[in-house]
Amino acid sequence: GSVSLALAEEARGRLTVRQVDIADTAQVLGQLDGADMLWLESPTNPMLEVAETAVLAAAAKAAGATVVVDNTFNTPLVSRPLDYGADVVLHSVTKYLAGHSDVVLGALVTSDAAMRAELATYRTLHGAIAGPFEVWLALRGLRTLALRMERSQANALELARRLDAHSSVTRIRYPGLPNDSGHERATAQLKGYGGIISIELESRDAADALVEAVRLWLPATSLGGVESLIERRRRQPGEPKTVPEALVRLSVGIENVEDLWADLEAALSSAPNNG
Ligand SMILES: Cc1ncc(COP(=O)(O)O)c(C=O)c1O
């Protein structure tokens, strides 16, 4: 979503977008010269790549760029980007913060008074003011954030271990697994590994069949709610071509982990090419 917005602004000639591999620190550092803003998401959606966030934020600030961190996947319980120098932290409140998939809201967080005033004025003039009922839903959800995150993450780690050992899964991405490329960085920087897992199956058809076959997991695009969601990402028109066709993103909810596994396992074995 953020990339599409930035590219639309670029098409109107309002800015220049430099897309970088956020996990490649040297590449990002090499692109900072003259940049006005570094926009970071880590782990990334849906590839779950982990950036050296503090290093990148410090370098961007030194280069005079504003640092924006999308902290939606982590929530403040897992990462606090203002502590390592972010100017603005962005949350899709729609996801974990509200947590019940019943509200669409966003939040920007900053410790800079001038930046806050600028953002508040922009919001006032442009009209995107949250309604009282939506805010009430978000506050109500927020009260169980810690419990929901704890359970989602515990469920995700257990499911990731089992999926990693499953013969139908050709690749798994989850920073909580010791063999994941982002494991070391996530362990050093984050207070958890999150509730999102991405798996790749043998083919696009196998991925579609999995999504079709599950009964407890809901096929849907959102994430971060109490219910577990599943989606083959590349079916989205805006999804970058770097996302494999057979990649399925799992947003692990707070249900009983054995129920979640039984459903996934049955669906994996019923899919074509999966024996
Ligand atoms: C990481 C991330 N940031 C931002 C958004 C945008 O959220 P919203 O749907 O609340 O506008 C999403 C989801 O769409 C997301 O996954």
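Residues numbered from 1 in each chain as written. Predicted model: local features only at pLDDT ≥ 70, side-chain atom pairs only at ≥ 80, totals over all residues. Heavy atoms only, no water.

Enquirer: Would you mind going over the site of the ligand with me for this structure?
Expert: Every residue close to the ligand is listed here: Glu-41, Asn-45, Asp-70, Thr-72, Phe-73, Ser-92, Thr-94, Lys-95, Leu-105 and Leu-223. Ser-92 places a side-chain nitrogen or oxygen 2.6 Å from an oxygen atom of the ligand. At 2.9 Å from an oxygen atom of the ligand is found a side-chain nitrogen or oxygen belonging to Lys-95. In isolation the ligand exposes 390 Å². Once the protein is present, 64% of that is buried. Considered class by class, the residues forming the shell around the ligand number three nonpolar, four polar and three charged. (Near = heavy atom within 4 Å. Polar contact = N/O pair within 3.5 Å; in protein donor to acceptor, adjacent residues only side chain to side chain. Areas by Shrake-Rupley, 256 points an atom, 1.4 Å probe, with all protein chains shown as cover. Nonpolar A, V, L, I, M, F, W, Y, C, P; charged D, E, K, R; others polar.)

Enquirer: Got a minute to help me understand the pattern of salt bridges in this structure?
Expert: Pairing between side chains of opposite charge can happen when the charged atoms of each approach one another. Under the defined criterion, the tally for this structure stands at 17 salt bridges. Close ionic contact of Arg-12 with Glu-9 constitutes a salt bridge, the shortest N to O distance being 2.8 Å. In this structure Glu-9 comes out as partly exposed when scored by relative accessible area, which is 25%. The salt bridge involving Glu-245 is made with Arg-234; its shortest N-O contact spans 3.4 Å. Of this pair, Glu-245 sits in the loop between β8 (229-232) and β9 (247-251) while Arg-234 sits in the loop between β8 and β9; the two residues are eleven residues apart in sequence, bridging distant segments of the chain. Given the relative accessible area of 17%, Arg-234 is considered buried. Among the charged side chains, a network of salt bridges with common partners joins Arg-204, Asp-208, Arg-232, Arg-234 and Glu-245. (Salt bridge = Lys/Arg side-chain N within 4 Å of Asp/Glu carboxyl O. Buried < 20%, exposed > 50% of the residue type's maximum accessible area, 1.4 Å probe, protein only. Helix = DSSP H or I, 4+ residues; strand = E, 2+ residues; numbered from the N terminus.)

Enquirer: Help me out: how do you make sense of the sheet that holds strand β3 (residues 88-92) in this one?
Expert: Two pairing modes exist for strands in a sheet, parallel and antiparallel, and in both the strands are linked by backbone hydrogen bonds. Strand order across the open sheet formed by four strands is β1-β2-β3-β4, with mixed pairing between neighbours. The open sheet has two free edges, formed respectively by β1 (37-41) and β4 (106-109), since each of these has just one partner strand. Going from strand to strand, the sheet's axes swing by 20° on average, the running direction of each strand aside. Here four bridges tie β3 to β4, and the two strands are oriented antiparallel to one another. (Pairing = 2+ DSSP bridges. Axes fitted to C-alpha atoms, helices over the stretch in contact; angles between N-to-C directions.)

Enquirer: Got a minute to help me understand the side chain of Arg-234 in this structure?
Expert: Engagement of the side chain of Arg-234 in a polar contact is seen with the backbone oxygen of Val-243, the distance being 2.8 Å. Excluding residues within four positions of it along the chain, Arg-234 makes contact with Glu-239, Pro-240, Lys-241, Val-243, Pro-244 and Glu-245. (Contact = heavy atoms within 4.5 Å.)

Enquirer: Would you mind going over the environment of His-183 with me for this structure?
Expert: Along the chain, His-183 falls in helix α7 (residues 183-189). Separated by ten residues in sequence, His-183 and Arg-173 have C-alpha atoms that sit 10.0 Å apart. Those residues in contact with His-183, other than ones at most four positions away along the chain, are Pro-175, Gly-176, Leu-177, Pro-178 and Tyr-193. Reaching out from His-183, the side chain makes a polar contact with the backbone oxygen of Leu-177 at a distance of 3.4 Å.

Enquirer: Help me understand the nonpolar core, please; the structure alone is not making it clear to me.
Expert: Generally speaking, a soluble globular protein has its nonpolar side chains buried in company with each other. In terms of nonpolar packing, the biggest core is built from 27 residues, with Leu-163, Ile-197, Ile-199 and Leu-210 touching the most fellow members. Looking at this core, the elements with two or more residues in it are α6 (145-164), β6 (196-200), α8 (204-213), β9 and α9 (257-270). The leading source of residues in this core is α9, at six residues. When residues no more than four places from it in sequence are discounted, the contact partners of Leu-163 are Val-169, Ile-172, Ile-197, Ile-199, Leu-250, Trp-261, Leu-264 and Leu-268. Of all hydrophobic cores here, the second largest spans 18 residues; its members include Val-78, Leu-105, Leu-145 and Ala-186. (Core = buried A, V, L, I, M, F, W, Y, C linked by side-chain atoms within 4.5 Å.)

Enquirer: What's the story with the packing of aromatic side chains in this structure? I'm lost.
Expert: Two descriptors summarise a pair of aromatic rings, namely the distance from one centre to the other and the angle between the planes of the rings. This model, assessed by the stated rule, comprises one aromatic pair. Each ring, one from Phe-133 and one from Trp-136, has its centre 5.8 Å from the other, and the planes form 20°; the classification is stacked. Placement of both Phe-133 and Trp-136 in helix α5 (residues 132-142) is noted, with a separation of three residues, approximately one turn of the helix. (Phe/Tyr/Trp six-rings, centres within 6.5 Å; stacked < 30°, edge-to-face > 60°.)

Enquirer: Whenever I open this one, the domain arrangement of the chain confuses me. Can you help?
Expert: Accessible area lost on assembly of the parts is the figure often given for the size of an interface. What the domain assignment reports for the chain is domain 1 (2-142) and domain 2 (145-270). A straight line from the C-alpha centre of domain 1 to that of domain 2 covers 23 Å. Residue-level contacts link 30 residues of domain 1 with 33 residues of domain 2. Interface area for domain 1 against domain 2, summed over the two sides, is near 2,600 Å², with a carbon-plus-sulfur share of 59%. Counting the contacts that link domain 1 with domain 2 gives one salt bridge. One salt bridge connects Arg-185 with Glu-52, and the closest N-O pair in it is separated by 3.5 Å. Remark: the boundary between domain 1 and domain 2 carries 14 residue pairs in polar contact (both at pLDDT 80 or more). For the side of domain 1 that touches domain 2, the elements supplying multiple residues, two or more each, are α3 (53-62) and α5. (Domains from an automatic or database assignment. Buried area = accessible area lost by both parts, 1.4 Å probe.)

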